[in-house]
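Residue strings, one per chain:
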Amino acid sequence: MEMLNSAAGMFGLALPLVLVLGCCGAGDKSAPQAAAPRTVSVAQSGQADVIGTDNTALQKAADMLRPGDTLSIGAGQWTMEDKLVIPVSNVTVRGVKGQTVLFKSAGVSSKVIDCGDYGERVLVVAEPGKFKVGMGITAQDDTHASGWDVTVTTIQAIVGDTLKIEPYTVRDYDYETGNSMVENKFPVLTAYGQTGLAIEDITVDGNREGGTGYIDGCRGGGIYLYDCRNCVIRGCEVRNYNGDGISFQITDNIKVLDCESHHNFGYGVHPGTGSPNAEISGCHFHHNDQIGFFLCWRVRYGKFSNNVIENNGQYGISIGHKDTDNLFEGNTIRGNGICGVIFRQETEKLSGHRNVFRGNTIADNGGPQAGYGVYVEAPAHDLVFESNTIEETRTGAEAAQQWGIWVSKAAGPVKSEGNTFRGNLQGDLFEQK
């Protein structure tokens, strides 16, 4: 003991008794123990921790969760006046497959006539009677109508023509000349800043036909993750959302497995804003108005395999800004309106380099506008296409896939090896000179 105290004194330290005696708490029975995992249940009738039919009941149950717990959502159509936010990490949210449906409420909107500046917690609207306390809304104007410029918030109170909101607005909205609007649109099922979340067997119906306004994938989605890590979305369906079906932004290691996303106005799935190490497998992205699978900005080191991406209005897969070093393997990409795969225009420095396509079927893409299996518009380098089948099987006026792979003169090198080309109307591989 004297030697230890002497050594401590040399460095001007007061050596704690616990260091001298060892881990004195090892046998302390009073140390707090981790709570055992629980299942918190919410249902529309019968026995459950929470009974209800809407987002208020769902949120009440979600707010009971502790790390390790499972939220069990019963069968039925749940009316969503606002988003369901998962508030803690390391939990599972599970529905009854095909029977648990989160249904977006009908759309309403009004002009903002005052208090639309940055940092506002109140908005004065022309038609306050359309709204109710607890409703999820967005604020925007003609200039700030997409991306990160849209405010997603919730009505906390209504006083006369004034909506009191939280959180506050994120931009200056021009309510005098810029057609500033409030609409009840929001991501339906979402998490912010969480880790280790699993979402399973949930159906989201965005109710496009009910007048819901459009919100893009930066701020919204039928299922939407923001600043999340090590999460999985499994066995879910998103349909009829006026935006993107599944969107995850500023994330790492997100898995989307065995999901279906269809008949959405925007994209079937939208990883972006720096989302490396994604895995998307066994999914079906189809009949979306724009794109089935949209890689936004800085989607890197992903593995995308065994998906069916078909009958989307424009493109099957769209690759762009710094979307590098991804593997696409075993996918079927067919029947998309303009082309199966597009490397969209970027500068050379910002293009989607070093992507590998191996063992995919890319077939029957294109229509009256244009038709390509793969269209490399960007100056992307070191692209690899190996052992794919790239073909046009339609006949007569329906046949539209002109080229198997079309490469701009700015791109290259592009490696094409072991591919099977059949039926492409003008040829297999075109490299612009």
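Small disclaimer: the values here were computed from a predicted structure and weren't measured.

What counts and what doesn't
Residues numbered from 1 in each chain as written. Predicted model: local features only at pLDDT ≥ 70, side-chain atom pairs only at ≥ 80, totals over all residues. Heavy atoms only, no water. Pairing = 2+ DSSP bridges. Helix = DSSP H or I, 4+ residues; strand = E, 2+ residues; numbered from the N terminus. Axes fitted to C-alpha atoms, helices over the stretch in contact; angles between N-to-C directions. Buried < 20%, exposed > 50% of the residue type's maximum accessible area, 1.4 Å probe, protein only. Phe/Tyr/Trp six-rings, centres within 6.5 Å; stacked < 30°, edge-to-face > 60°. Core = buried A, V, L, I, M, F, W, Y, C linked by side-chain atoms within 4.5 Å. Contact = heavy atoms within 4.5 Å. Salt bridge = Lys/Arg side-chain N within 4 Å of Asp/Glu carboxyl O.

A. Here's a closer look at the sheet that holds strand β10 (residues 136–140). Read around the closed barrel, six strands run β8-β9-β12-β11-β10-β13, paired in antiparallel fashion. The mean angle between the axes of side-by-side strands here comes to 45°, regardless of whether they run parallel or antiparallel. The pairing of β10 with strand β11 (residues 151–159) spans four bridges and is classified as antiparallel. Within β11, the position partnered with A139 by the bridge is T151.

B. Broad picture of the pairing of strand β7 (residues 100–104). Burial runs high along β7: four of the five residues are buried. Two elements, strand β4 (residues 76–80) and β7, share five bridges in a ladder whose sense is parallel. Across the sheet, residue G76 finds its bridge partner in β7, namely T100. Relative to strand β16 (residues 203–205), β7 runs parallel, the two sharing three bridges. Each residue of the ladder has a partner; that of F103, found in β16, is D205.

C. Expanded view of the sheet that holds β4. Spatial ordering of the open sheet is given by β4-β7-β16-β19-β22-β25-β28-β31-β34-β37-β40, a layout of eleven strands whose pairing is parallel. Strands at the two margins of the open sheet, each flanked by one partner only, are β4 and β40 (420–422). Along the sheet, successive strands turn relative to each other by an average axial angle of 10°, direction set aside. Here strand β31 (residues 332–334) pairs with strand β34 (residues 361–363) via three bridges, running parallel. Residue pairing for β34: R334 is matched across the bridge by A363.

D. Structural context of unusual backbone geometry. P167 follows E166 through a cis peptide bond whose omega is 5°. Summarising the element assignment, P167 is placed in the loop between β12 (162–166) and β13 (181–183). Even without glycine at this site, D201 takes up a positive phi of about 60°. Topologically, D201 is positioned in the loop between β15 (198–200) and β16. Among the residues examined, D201 registers a relative accessible area of 22% and is labelled partly exposed. The backbone of T273 shows a phi angle near 50°, a positive value even though the residue is not glycine.

E. Representation of the packing of aromatic side chains in the model. Going through the model one piece at a time under the given rule, you end up with 18 aromatic pairs. Note on Y118 and Y168: the rings are 6.1 Å apart at their centroids and 70° apart in plane angle, and the pair reads as edge-to-face. In this pair, Y118 sits in the loop between β8 (109–114) and β9 (122–125) while Y168 sits in the loop between β12 and β13, placing the two residues 50 residues apart along the sequence. Classification of Y168 as partly exposed rests on a relative accessible area of 34%. When the ring of F343 is compared with that of F357, the centres are 6.3 Å apart and the planes differ by 65°; the resulting orientation is edge-to-face. Residue F343 is located in strand β32 (residues 339–343), and its partner F357 is located in strand β33 (residues 356–358); the two are separated by 14 residues in the primary sequence. Neither residue differs from the other here; F343 and F357 are each classed as buried.

F. Structural view of the nonpolar core. Of all hydrophobic cores here, the largest spans 70 residues; its most connected members are L225, I317 and F343. For this core, the leading source of residues is helix α3 (residues 55–62), giving four residues. Residues in contact with F343, not counting those within four places in the same chain, are I319, G352, N355, F357, V374, Y375, V376, E377, A378, A380, L383 and F385.

G. Region of interest: the environment of V170. Here V170 lies in the loop between β12 and β13. Along the primary structure V170 and G359 are separated by 189 residues, whereas in three dimensions their C-alpha atoms are 45 Å apart. If sequence neighbours within four positions are ignored, V170 has contacts with Y118, W148, D149, V150, T151 and R219.

H. Examining the pattern of salt bridges more closely. Going through the model one piece at a time under the given rule, you end up with 22 salt bridges. Taking the shortest distance from any N to any O, the salt bridge between D227 and R229 comes out at 3.3 Å. Two residues, R354 and D325, come together in a salt bridge whose shortest N-O distance is 2.8 Å. One end of the pair, R354, is in the loop between β32 and β33; the other, D325, is in the loop between β29 (315–319) and β30 (327–329), with 29 residues separating them in the sequence. Taking relative accessible area as the criterion, R354 reaches 40% and is therefore assigned partly exposed. Residues joined in a network through salt bridges with shared partners are R358, E386, K415 and E417.

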